[in-house]
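# Structural description and commentary
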Amino acid sequence: MNAIAAYQYETLQVSITNQILTVTLNRPHKKNAMSFELINEMIVLAGRIGKDKTIRAVILKGAEATFCAGIDLSDLNHPKNKVFAMWELLKPWQSAFQRVCLVWRELPVPVIAVLEGYCIGAGLQLALACDIRISRSDCKLSIMEAKWGLVPDMGLTQSAFGVVPADTLKELAMSARIIDAEEGKTLGLISHCSDTPLEHAQTLAAEFAERSPDAVLASKRIINAMYQQPTTTLYKEKVWQLKMMLGHNRKLALRKAKQASTAFAKRQFN
């Protein structure tokens, strides 16, 4: 058995067939929301995948027909994690929240996301960092951070560039609107809609595996280079997230999510 697949993970299931690795986010009781443990395991796993030259493609999916319902807010807001989260936003290099998404973009093999159920917040930012997104047409998509008075800060400035037009991205990020994958395909968020997204992904991965692995790698690298953003954009994500977390409208956003009549204060930042 492949060593990567044989390793025991707490929040992931990993299997390999014909050199195609399938990674399943495995927190179905939380709709596969990202906990700190899941974030760490995904980063570690991606590092192992990058070193294994026998792997030809990766399929990324969620357990029990849901991709990912975002960050696990109960984990994020737990007092024991607040210092860690603050450090991740303050440090000058990539945060763990950015890394868990962008590491899949950097892998030397194609990564195909299989989307079902919910793909919102952190889940959609993760999906956008994959090379191809295949979704059931009824999957719910949203860049939802604005609902909680926050800003997308998980590498969106890198992963969405060249995938989604800027006006579309602004509209979705500013409104936190939930859309289905059919609309998402029209807007450019989704590569393919399919009634059987996993089977579609497996067929596509097998097609990639028929080509030279170096040619596949080179194609991924040069096309990504067309849309390479400076690292300062990632730092701006973190700076603005800190402002949101410390600002007075953040608390009002949380209140408004429960009580629609809540009014926001005037804009705090320029």
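Located above this text is the structure these notes cover.
Conventions we followed
Residues numbered from 1 in each chain as written. Predicted model: local features only at pLDDT ≥ 70, side-chain atom pairs only at ≥ 80, totals over all residues. Heavy atoms only, no water. Helix = DSSP H or I, 4+ residues; strand = E, 2+ residues; numbered from the N terminus. Rg over C-alpha atoms; globule rule 2.2 N^0.38 Å. Buried < 20%, exposed > 50% of the residue type's maximum accessible area, 1.4 Å probe, protein only. Contact = heavy atoms within 4.5 Å. Areas by Shrake-Rupley, 256 points an atom, 1.4 Å probe, with all protein chains shown as cover. Phe/Tyr/Trp six-rings, centres within 6.5 Å; stacked < 30°, edge-to-face > 60°. Lys NZ or Arg CZ within 6 Å of the ring centre and 35° of its normal. Pairing = 2+ DSSP bridges. Axes fitted to C-alpha atoms, helices over the stretch in contact; angles between N-to-C directions. Parallel < 35°, antiparallel > 145°, perpendicular 65-115°, else oblique. Nonpolar A, V, L, I, M, F, W, Y, C, P; charged D, E, K, R; others polar. Salt bridge = Lys/Arg side-chain N within 4 Å of Asp/Glu carboxyl O.

## Let's talk about the overall build of the protein
Assigned secondary structure in the protein consists of 13 helices and nine strands. Taken against the 2.2 N^0.38 rule, which gives 18 Å for 270 residues, the C-alpha radius of gyration of the protein at 18 Å falls within 12% of a compact globule. In terms of overall dimensions, the protein has C-alpha extents of about 55 × 40 × 40 Å along its principal axes. The buried share of the protein, reckoned over its 270 residues, is 48%. Long-range pairs, those at least 24 residues apart, make up 72% of the contacts in the protein with a sequence separation of at least 6. For the protein, the exposed area adds up to about 13,500 Å²; of that, 56% sits on carbon and sulfur atoms.

## Brief notes about the environment of Gln 228
Structurally, the position occupied by Gln 228 is in the loop between α11 (213-226) and α12 (232-246). Of the residues examined, Gln 228 reaches a relative accessible area of 48% and is grouped as partly exposed. Excluding residues that lie within four positions of it along the chain, Gln 228 makes contacts with Arg 105 and Gln 158.

## What to know about the packing of aromatic side chains
Aromatic ring pairs: the centre-centre distance and the angle between the two ring planes describe each pair. Taken as a whole and judged by the stated rule, the model has four aromatic pairs. Both rings, one in Phe 161 and one in Tyr 227, keep their centres 6.0 Å apart while their planes meet at 90°; by these two values the pair is edge-to-face. Of this pair, Phe 161 sits in the loop between α7 (156-159) and α8 (166-175) while Tyr 227 sits in the loop between α11 and α12, and the two are 66 residues apart along the sequence. For the pair Trp 240 and Phe 269, a centre-to-centre distance of 6.3 Å together with 90° between the ring planes defines the contact as edge-to-face. One end of the pair, Trp 240, is in helix α12; the other, Phe 269, is in the segment after α13 (248-258), with 29 residues separating them in the sequence. Of note, Lys 243 hangs over the ring of Trp 240, and the distance from its end group to the ring centre comes to 4.1 Å.

## Comments concerning the sheet that holds strand β1 (residues 12-17)
Sheet architecture is open: six strands sit in the order β1-β2-β3-β4-β6-β9, paired in mixed fashion. This sheet does not close on itself; its edge strands, each paired only once, are β1 and β9 (192-193). Sheet topology places strand β6 (residues 132-135) next to β9; two bridges connect them, and they run parallel. Counted as the bridge partner of Ile 134 is His 192 from β9. Strand contacts of helix α10 (residues 197-209): β2 (20-25), β3 (57-62), β4 (111-115), β6 and β9, with the helix running at about 170° to β4, the strand carrying the most contacts.

## Structural notes on the packing of helix α5 (residues 96-106) against α11
Helix-helix packing: each pair is described by the crossing angle between the helix axes and the interaxial distance. At a minimum axis separation of 10 Å, α5 and α11 run at an interaxial angle of 125°. Judged by the angle between their axes, α5 and α11 are oblique. Where α5 approaches α11, its residues Trp 104, Arg 105 and Glu 106 are matched on the opposing element by Lys 220, Arg 221 and Asn 224. Across the contact of α5 with α11, the residue classes tally to one nonpolar, one polar and four charged.

## Some details on the pattern of salt bridges
Close approach of charged atoms allows side chains of opposite charge to pair. Per the counting criterion, the structure on display carries six salt bridges. Residue Arg 27 pairs with Asp 72 through a salt bridge whose shortest N-O separation is 3.1 Å. Here the residue Arg 27 occupies a position in the loop between β2 and α2 (36-51), and Asp 72 occupies one in the loop between β3 and α3 (73-76), the gap between them amounting to 45 residues. In terms of burial, Arg 27 and Asp 72 fall into one category: buried. In this structure, the salt-bridge partner of Lys 30 is Asp 72, at a minimum N-O distance of 3.8 Å. Of this pair, Lys 30 sits in the loop between β2 and α2 while Asp 72 sits in the loop between β3 and α3, placing them 42 residues apart in sequence. Lys 30 sits in the partly exposed class, given a relative accessible area of 33%. For Asp 72, a relative accessible area of 5% gives the class buried. Here the salt bridges share partners, and the residues they tie into one network are Arg 27, Lys 30 and Asp 72.

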